[in-house]
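Letter by letter, the chains look like this.
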Amino acid sequence: MDDDQGGCQLWRQRWLWAGIYVRSLTDPAVDFTKESYSYRNRLAGTWGVVDVRDCVLAASILSKTHKLIDPARTAIRGGSSGGFTVLAAACAYPDAFAAAVSNYGISDLFKLCEFTHKFESHYMEKLLGGTPDQIPEVYKERSPVFNADKIRTPLLVRRFANSRKNGDQTPTCIDSARLLGCRRASRTSRSYRKSHQG
């Protein structure tokens, strides 16, 4: 499963050609259809719970309705907020996926509030139901960095060399996972260049 959308998506064609089924979830931040608007409203106060559960259910349902999909070989990947979903899924549902890849994902919601750009500075209040001062327990409960000890899924966390968005949380999450005994966590800092990541 993958929630990265946009562009030509040649990577998707390459995987399909190799016999790998790819299911992308709609990103409400870039999809402005009526269904996406409804889903975005559904996430109000439940981000990190509802979207994560939807990914797990999607993989489960697809494996039951498509006989060629092996539930023991499904993987999840995503970038930025999608990377957060990947990390949250690895924490909350450690046996749901055979592998997980988080690209410049959010691991610490406290840091996200501290470092996010002005345009989205109050977005978290709607998604989580308040500020870190108002509901610190929710921020901590849904931050993968505080739940890294639950990760059992083989996990690759990637970051972009020029990314300052979200306070560059990649090392924090991986170091916490290793400190708490997750030997399957690894990271790479190859010099990916994406101009829109700041």
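Use the structure listed above.
Residues numbered from 1 in each chain as written. Predicted model: local features only at pLDDT ≥ 70, side-chain atom pairs only at ≥ 80, totals over all residues. Heavy atoms only, no water.

Draft legend 1. Representation of the overall build of the protein in the model. The helix and strand inventory of the protein stands at 8 helices and 4 strands. When the elements of the protein are put in sequence order from the N terminus, they spell out α-α-α-β-α-β-α-α-α-β-α-β. Within the span of the protein, comprising 198 residues, buried residues form 43% of the whole. Contacts in the protein between residues at least 24 apart in sequence constitute 65% of all its contacts with a sequence separation of at least 6. (Helix = DSSP H or I, 4+ residues; strand = E, 2+ residues; numbered from the N terminus. Buried < 20%, exposed > 50% of the residue type's maximum accessible area, 1.4 Å probe, protein only. Contact = heavy atoms within 4.5 Å.)

Draft legend 2. Local environment of the nonpolar core. Membership of the largest hydrophobic core comes to 18 residues, with the highest contact counts inside it found for Ile76, Ala89, Phe97, Ala100, Ile151 and Leu155. Every element with two or more residues in this core is listed here: α3 (50-65), α4 (81-92) and β3 (155-158). Sorting elements by how many residues they give to this core places α4 first, with 6 residues. Excluding residues within four positions of it along the chain, Ala89 makes contact with Val52, Ile76, Pro94 and Phe97. Ranked by size, the runner-up nonpolar core spans 13 residues in total, among them Phe84, Ile106, Leu109 and Leu128. (Core = buried A, V, L, I, M, F, W, Y, C linked by side-chain atoms within 4.5 Å.)

Draft legend 3. Representation of the packing of α3 against α4 in the model. The N-to-C vectors of α3 and α4 enclose an angle of 75 degrees; their axes lie 9 Å apart at closest approach. As summarised for this structure, α3 and α4 are arranged roughly perpendicular, according to the angle between their axes. Across from Asp51, Val52 and Cys55 in α3, the residues of α4 making contact are Thr85, Ala88 and Ala89. The residue makeup of the contact of α3 with α4, split by class, is 4 nonpolar, 1 polar and 1 charged. (Axes fitted to C-alpha atoms, helices over the stretch in contact; angles between N-to-C directions. Parallel < 35°, antiparallel > 145°, perpendicular 65-115°, else oblique. Nonpolar A, V, L, I, M, F, W, Y, C, P; charged D, E, K, R; others polar.)

Draft legend 4. Quick look at the layout of surface pockets. When its volume is computed, the second largest pocket comes out at roughly 570 Å³. In this structure, the second largest pocket is lined by 21 residues; those nearest its centre are Ile20, Tyr21, Arg73, Thr74 and Ala75. At the level of elements, α3, β1 (75-79) and β2 (99-103) are the ones that each hand at least two residues to the lining of the second largest pocket. Its residues placed into classes, the lining of the second largest pocket shows 14 nonpolar, 2 polar and 5 charged. (1 Å grid on protein atoms, 1.4 Å probe; cavity = no way out; pocket = protein on both sides within 12 Å on 5 of 7 lines; lining within 4 Å. Points joined across faces, edges and corners; volume = space filled by probe spheres on them.)

Draft legend 5. View of the pairing of β2. Looking at chain direction, β1 and β2 are connected through 5 bridges and run parallel. Considered in β2, the bridge of Ala75 is made with Ala99. In terms of handedness, the path from β1 via α4 over to β2 forms a crossover that is right-handed. Looking at chain direction, β2 and β3 are connected through 4 bridges and run parallel. Pairing of Asn103 across the sheet is with Arg158, part of β3. (Pairing = 2+ DSSP bridges. Right-handed = clockwise from strand over helix to strand, strands pointing away.)

Draft legend 6. Structural detail: the side chain of Ser63. Looking at the element boundaries, Ser63 is found in helix α3. With sequence-adjacent residues up to four places away left out, Ser63 is seen in contact with Ile69 and Pro71.

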